[in-house]
Each structure stands twice: as C-alpha cells, then as structure tokens.
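The primary structure of each chain is shown beneath.
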Amino acid sequence: MAGFADRVIAASESKDSVLVVGLDPNVDYLPNVLAPTQESGRAVAEAISQFNRLVIDAVADHAVAVKPQLAYYEVYGSDGICALEDTIRYARSKGLLVVQDAKRGDIGPTASAYAQAYLHPSSPLCGDALTVNPLLGADGVNPFVEAAMQHATGIFVLVKTSNPSAGQWQDLIAADGGTLSQRIAAYIADIARNHRGEHGYSAIGAVVGSTYPQDALALRSIMPHSILLVPGLGAQGGRADDLTGYFDAQGQGALVSSSRGITYRYCAVTPEWKHATIDQVFASIREAALTSQRALNNARHQSQRIR
Ligand SMILES: O=c1ccn([C@@H]2O[C@H](COP(=O)(O)O)[C@@H](O)[C@H]2O)c(=O)[nH]1
C-alpha cells in the first residue's frame with residue numbers, strides 16, 4: 001500500500017479537494033427524523049451511525065477524509081465505540097481516508113499501546129491517521145512514528161492548535177529563541193525529512209489551526225515535508241481566504257477540516273430544522289461541503305499565484 005502522505009495527495013488530486021469533514025456527532029442537533037427514539041446508549045449509538053453514514057454519503061465526492069472526534073463516541077461507552085467502528089468501515093468503503101482525532105500521547109509503553117489501537121491495521125479502531133499530543137516529548141511520539149512507518153498510516157502532531165488559549169504554552173519562547181510551536185515543528189521536520197514519500201511529503205504531519213494564519217508561513221517553512229491538518233474552519237472563525245500560507249507552491253500540503261460548519265449547517269440556515277427531512281439534511285450537508293471545497297480551492301490557487 002502507498003504511504004499515508006501519497007494516499008492523501010492522490011485523493012486530493014483525484015477529487016480536487018483538500019477538505020476534511022469532522023464527525024463530531026451531537027444528538028441534540030439531529031432533526032426529529034434522525035434523532036434516537038429511546039435514551040439507551042445503543043439507540044443513541046445507532047442514531048449516530050445512521051447520521052454519520054448520511055454525512056459520508058453527502059460529502060464523499062467533495063472531501064478527501066473524515067475526522068471522527070473520539071470524545072463524541074467515548075461518551076457513550078462501548079455503544080459509542082461500536083458506532084465509531086461502523087463509521088470507520090463505512091467511510092473507507094466510500095473511498096474516504098479516516099483521520100482519528102484522539103490527541104493521544106503518553107509514556108513510551110502506553111504510547112505503543114495507543115499506536116497499536118489506532119495505527120495497526122488489525123485493530124477495528126485503526127484509521128489512516130491519528131492526532132498525537134507531543135507534550136511528553138520524544139518517548140511519547142516515537143511509538144506513533146514507528147507504527148506509522150510500519151503500517152503505512154500517518155500521524156498529525158499538535159504544533160499550533162486552533163483554540164483561543166493555544167498560545168498560553170505554544171507561544172512560550174524556547175531556549176533557541178523561537179516559540180514552543182516552532183521548536184516542536186523543527187523536531188517533526190527532522191523526522192519527516194527521513195521518511196518522504198513519492199510526492200516529497202511524509203506520513204509525519206502537524207496540526208496547525210486555521211485561526212492562526214499569522215503563524216502558518218513560518219511553520220510551513222520549518223516543516224516543508226509535513227502535511228498540515230488545519231482545523232477550526234467555520235465554527236471557530238477560521239476563514240478559507242486566510243489559508244494561502246498553509247499550502248505549498250503546488251497548492252498541496254494541507255488538509256483543512258470543518259465539523260459543525262458542515263454537518264450541522266442545516267441548523268444554522270433552517271429555522272424549522274427540527275422538522276427537516278432526510279433529503280433536506282443530505283442536501284444541506286452536501287452543499288456545505290461543496291461550498292467549503294470551492295473556497296479552499298480558491299485559497300490553494302491563490303497560494304500558487306503568490307509563491
Ligand atoms: O487544534 C485543534 C485540534 C483539533 N480540533 C478538533 O477539530 C474539531 C473542530 O470542530 P469544528 O466544529 O469545526 O469547530 C473538534 O473535534 C476539535 O476537537 C480543533 O478544533 N482544534
């Protein structure tokens with residue numbers, strides 16, 4: 001199998017898209033027709049699986065990947081994990097890559113167990129890539145790097161997250177005079193340099209939030225061989241027009257994710273959304289994905305013009 005980065009570039013070229021749709025299911029935002037009929041964990045998990053399948057069908061032509069956020073599945077215990085496993089299988093059957101947003105990281109042996117759970121193809125929770133928290137240092141990251149290399153999966157290490165207080169630690173000045181984010185970026189770049197695929201990118205990627213475009217150019221140039229996973233588009237205020245600095249001169253090198261802005265768009269635009277039909281929900285999700293795909297492609301073309 002091709003390495004993770006080459007699969008990303010191939011999918012992006014064939015679909016002309018860099019969009020990732022986040023799957024952060026929240027049953028409070030499901031219209032009556034899709035809402036669980038009972039309060040049991042199993043009923044809720046079934047409603048989540050059904051909704052995710054609808055989202056996947058609606059976005060499959062416009063997105064490269066889906067990104068389940070694990071917290072929203074863990075909250076329902078084993079029923080939620082079953083829904084997640086069903087979602088992973090279904091997304092892959094529709095030709096979408098799966099980025100598991102779990103932000104794992106721990107001491108070495110525990111990190112190895114997490115890597116086995118999310119990056120080893122024998123695990124039902126294995127996707128194509130996993131988000132990784134680097135706070136524990138190299139011990140906590142290396143097991144994920146090794147698993148990604150061994151199994152043609154990938155990781156996205158948190159470098160500059162999209163949340164308002166991201167800078168509290170990530171902007172601290174490190175001993176070399178750069179920020180902590182830049183220091184982590186340099187560490188990732190050293191690993192990525194030695195593991196490049198056919199298109200020059202590595203399976204060792206980085207998370208850089210869309211809400212900090214002022215940091216993107218510097219981080220992009222520190223990590224020329226890492227695909228950036230760029231969350232925060234839409235609901236958190238990230239704007240496609242501001243994302244030119246995240247892409248390379250070919251308009252590649254970044255995947256941009258939006259969750260609520262696509263999956264619950266119908267709640268924002270339809271006052272009577274609780275009574276929406278399945279067809280209306282499907283059409284709204286598809287339209288939101290298409291709109292994001294086009295806006296992101298404009299940013300990619302803009303980035304090609306200015307470099
Ligand atoms: O820096 C980060 C890393 C991850 N996330 C996750 O992405 C989605 C964002 O959801 P939206 O509805 O598009 O705001 C969510 O699962 C976060 O946990 C992030 O936002 N920022």
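Residues numbered from 1 in each chain as written. Predicted model: local features only at pLDDT ≥ 70, side-chain atom pairs only at ≥ 80, totals over all residues.

A. Summary view of the UniProt feature "domain: Orotidine 5'-phosphate decarboxylase" (unreviewed entry) in the chain. When the UniProt feature table is mapped onto this chain, "domain: Orotidine 5'-phosphate decarboxylase" (unreviewed entry) is found at residues 18–269. The span residues 18–269 is 41% helical and 18% strand by assignment, and the distance between its end C-alpha atoms comes to 24 Å. (UniProt positions renumbered as here; feature names shortened; annotations may be inferred. Helix = DSSP H or I, 4+ residues; strand = E, 2+ residues; numbered from the N terminus.)

B. Spatial organisation of helix α12 (residues 278–306). The terminal C-alpha atoms of α12, which comprises 29 residues, lie 42 Å apart, in line with the 42 Å expected from a rise of 1.5 Å per residue. Here α12 has its buried residues at Val281, Ser284, Ile285, Ala288, Ala289, Ser292, Gln293, Leu296, Ala299, Arg300 and Ser303. Taken together, the buried residues of α12 touch β1 (19–23), α2 (41–59), β8 (254–258), α10 (260–263) and α11 (265–269). (Expected span 1.5 Å × (residues − 1). Buried ≥ 20, exposed ≤ 12 C-beta atoms within 10 Å, placed from the backbone. Contact = placed C-beta atoms within 7 Å.)

C. Local environment of the UniProt feature "active site" (unreviewed entry) in the chain. The UniProt entry lists Lys103 under the feature "active site" (unreviewed entry), expressed in the numbering used here. As for its position among the elements, lysine 103 is in strand β3 (residues 97–104). Setting aside anything within four residues of it in sequence, one finds lysine 103 in contact with Thr131, Asn133 and Leu158.

D. Representation of the pairing of strand β2 (residues 65–68) in the model. Judged by which residues are buried, β2 turns out to be covered on both faces: Ala65 and Lys67 on one side and Val66 and Pro68 on the other are all buried. Summarising the sheet, β1 and β2 pair through four bridges and their orientation is parallel. Across the sheet, the residue bridging to valine 20 is alanine 65, located in β2. Handedness of the β1-α2-β2 crossover: right-handed. Alignment of β2 against β3, held across two bridges, turns out to be parallel. Along β3, the bridge assignment pairs valine 66 with valine 98. (Pairing = 2+ DSSP bridges. Right-handed = clockwise from strand over helix to strand, strands pointing away.)

E. Inspection of the site of the ligand at higher detail. In the neighbourhood of the ligand, 18 residues make up the surrounding shell, with Gln69, Thr161, Ser162, Ser259 and Arg260 lying closest. Of the residues assigned to the shell around the ligand, the class counts are three nonpolar, twelve polar and three charged. (Near = placed C-beta within 6 Å. Nonpolar A, V, L, I, M, F, W, Y, C, P; charged D, E, K, R; others polar.)

F. Looking closely at unusual backbone geometry. We note that lysine 103 has phi near 50°; this positive angle belongs to a residue other than glycine. A residue is classified by how many C-beta atoms lie within 10 Å of it, and lysine 103, with 18 of them, is partly exposed. The backbone phi angle of alanine 152 is positive, close to 55°, even though this residue is not glycine. Inspection of the secondary structure puts alanine 152 in the loop between α6 (138–151) and β5 (154–160).

G. Looking closely at the environment of aspartate 171. Assignment of secondary structure puts aspartate 171 in the loop between α7 (167–170) and α8 (180–193). Judged by the 14 C-beta atoms lying within 10 Å of it, aspartate 171 is partly exposed. Taking C-alpha positions, aspartate 171 is 40 Å from phenylalanine 282, a pair spaced 111 residues apart along the chain. Non-local contacts of aspartate 171, meaning those with residues more than four positions away in its chain, are made with Thr179 and Ser181.

H. A look at helix α5 (residues 108–119). An ideal rise of 1.5 Å per residue puts 16 Å on twelve residues; α5 measures up with 15 Å between its terminal C-alpha atoms. Along α5, the residues classified as buried are Ala111, Tyr114, Ala115, Tyr118 and Leu119. Along the axis of α5, the buried residues cluster in a sector spanning 105°; they form a single face. Those residues of α5 that are buried are in contact with β3, β4 (129–132) and α6. (Arc of directions from axis to C-beta.)

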